[in-house]
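Residues per chain, in single letters:
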Amino acid sequence: MTNILITGSLGQVGSELIDYLSASFVGKIYATDIREESTLKPNSKVSYEVLDVRNMESVENILDEKNIHEVYHLASILSAKGEQDPYMAYNVNLTGTINILNACVTEDVKKVFIPSTIGVYGPEVDKANAPIRHNSIPTTMYGITKFTSEMLFQYYHNKYGLDVRSLRYPGLLSYKVAPTAGTTDYAVSMIREAASGNSYECYLERNTKLPMLYMPDAMQATLRLMTSPEEAIQIRTSYNVMGFSFSPGELEEMLKEFNPDFTVTYKPDFRQKIADSWPYSIDIQDAVNDWNFKPEFNLRDTVSDMIKNFKCQLI
Ligand code: NAD
Ligand code: AKB
C-alpha cells in the first residue's frame, strides 16, 4: 500500500495525474490544492484536502498524519501569471518547493516527483535540441524559480539521499482542464476554438516555435520515471522530455485540415517575450537512454484526438 500526496492537484496536470495514479497504485491518494472547493470527479481512492504549500507546518502535518510514502508536488505559478506577480511566483515556487523537500526528509517520505519546465532556459541557449546542462540564465521569475528548484532537487538527493525525480515538461496539450497561467496555453485554446467552429486571436507571433507534448505521453513519462529502479536515474536535476515542435502558424495550417473555415489573427502581447526566451526543441536522449522515454503521439494524432474530445464536450 502506497499513500500518495499530490499538491496543486486541481490544475491542468494534477487533475489528469490523479486518474493515472489511481489506476496504477494500490493505496490512498490525498489530493490537495490551495482552493477551498475540489473540482475533481468522485473517486473512492482519492480524498481532497486544502493545503497551501507555502505553510511549512501544514506540509509537515499532512505528511505525518496521512503517513505519506510518495509526493507529487505540482503546486506552482506558471510563466505568464508569474510575470504578473513575480513575488507570489517566488513564494509558491521556491518556498513551496523547499518546504516539500525539507518536510519529505523530516517525515521520511520515500520518493518525490517535482516537474520542471523548458522555462529554465534563457535566450542565449541553442534554440534547436537544447542540452540538459546549459549556461543560459532564465529571464522570467518562473524560470528563475524552476532553475533554482532543479539545483535544490540535486542538493536534497546528494545531502539527504532523498529520491527526488523530475521532468522538464514542455508545453502540455490536453482537453480536460484548461491551462490558464502559462505561455504555451495558446495551443490548447486554438485547438478548442477550431473544434468549436470559432475563430481565434493568438497572443504569440505566427512563427514562434516551441516544444510540446500531449498529456497522455506526459503522464506515461511521469509514471515510467517514477517506477524505474533508483539506479537507472542518472539525472538528479531534471530530464528533458518533448514530443514535437510547432509554431502557431503551423498549428493553424493543420487545424484548417479539420475545419477549412478556421481563421486566426495574431496580436502578440507580453507572453511573446517569454516565448522568445525559450528553445524550440530540447535534447531528450538521456530520458530515452535511462528509462526508455517513448512518446507515442505526433502533432497530427494529438490534434485529431483533442478535436474529437473537444467536440464531445460540446454535445
Ligand atoms: P496549473 O496552474 O494548472 O495548476 C497549478 C495548481 O497549483 C493550481 O490548481 C493552483 O490552485 C495550485 N496552487 C497555486 N498556489 C498554490 C499554493 N500556494 N499551495 C497549493 N497549491 C497552489 O499548473 P499545471 O499546468 O498543472 O502545472 C503543474 C506543474 O507542472 C507545475 O510545476 C508546472 O511548472 C509544471 N509544468 C506544466 C506545464 C504545462 O504545460 N502545464 C509545462 C511545464 C511544466
Ligand atoms: C508555461 O507556458 O508556463 C508552461 C511551461 C512550458 O512551463 N506551459
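Quick summary incoming for the structure in this document.

What follows covers the nonpolar core. Across soluble globular proteins, you tend to see nonpolar side chains buried next to one another. If you look at the biggest cluster of nonpolar residues, it comprises 38 residues, and the most contacted ones within it are Leu173, Tyr186, Met190, Phe246, Leu251 and Leu255. Of all the elements in the fold, those that place two or more residues in this core are helix H6 (186–196), strand E10 (200–202), strand E11 (210–214), strand E13 (244–246), helix H8 (248–258), helix H9 (271–276) and helix H11 (299–314). Residue contributions to this core reach at least three from each of two domains, namely domain 1 (4–170 + 214–240) and domain 2 (173–212 + 243–314). When sequence neighbours within four positions are dropped, the list of residues in contact with Leu255 reads Met190, Ile191, Ala194, Phe262, Val303 and Ile307. Among the nonpolar cores identified, the runner-up in size contains 32 residues, and Phe25, Leu167, Ala218 and Ile235 belong to it.

A few words now on the site of ligand 2. The immediate surroundings of ligand 2 are formed by Leu78, Ser79, Thr117, Ile118, Tyr142, Gly182, Thr183, Thr184 and Trp278. Separating an oxygen atom of ligand 2 from a side-chain N or O atom of Ser79 is a distance of 2.5 Å. In this structure, Tyr142 approaches ligand 2 through a side-chain N or O atom, which is 2.6 Å from an oxygen atom. Expressed as a share of its isolated accessible area of 250 Å², the protein-covered part of ligand 2 is 94%. For the shell around ligand 2, a count of residues per class yields four nonpolar, five polar and no charged.

Cut-offs applied
Residues numbered from 1 in each chain as written. Chains lettered and ligands numbered in written order. Predicted model: local features only at pLDDT ≥ 70, side-chain atom pairs only at ≥ 80, totals over all residues. Heavy atoms only, no water. Core = buried A, V, L, I, M, F, W, Y, C linked by side-chain atoms within 4.5 Å. Buried < 20%, exposed > 50% of the residue type's maximum accessible area, 1.4 Å probe, protein only. Helix = DSSP H or I, 4+ residues; strand = E, 2+ residues; numbered from the N terminus. Domains from an automatic or database assignment. Contact = heavy atoms within 4.5 Å. Near = heavy atom within 4 Å. Polar contact = N/O pair within 3.5 Å; in protein donor to acceptor, adjacent residues only side chain to side chain. Areas by Shrake-Rupley, 256 points an atom, 1.4 Å probe, with all protein chains shown as cover. Nonpolar A, V, L, I, M, F, W, Y, C, P; charged D, E, K, R; others polar.

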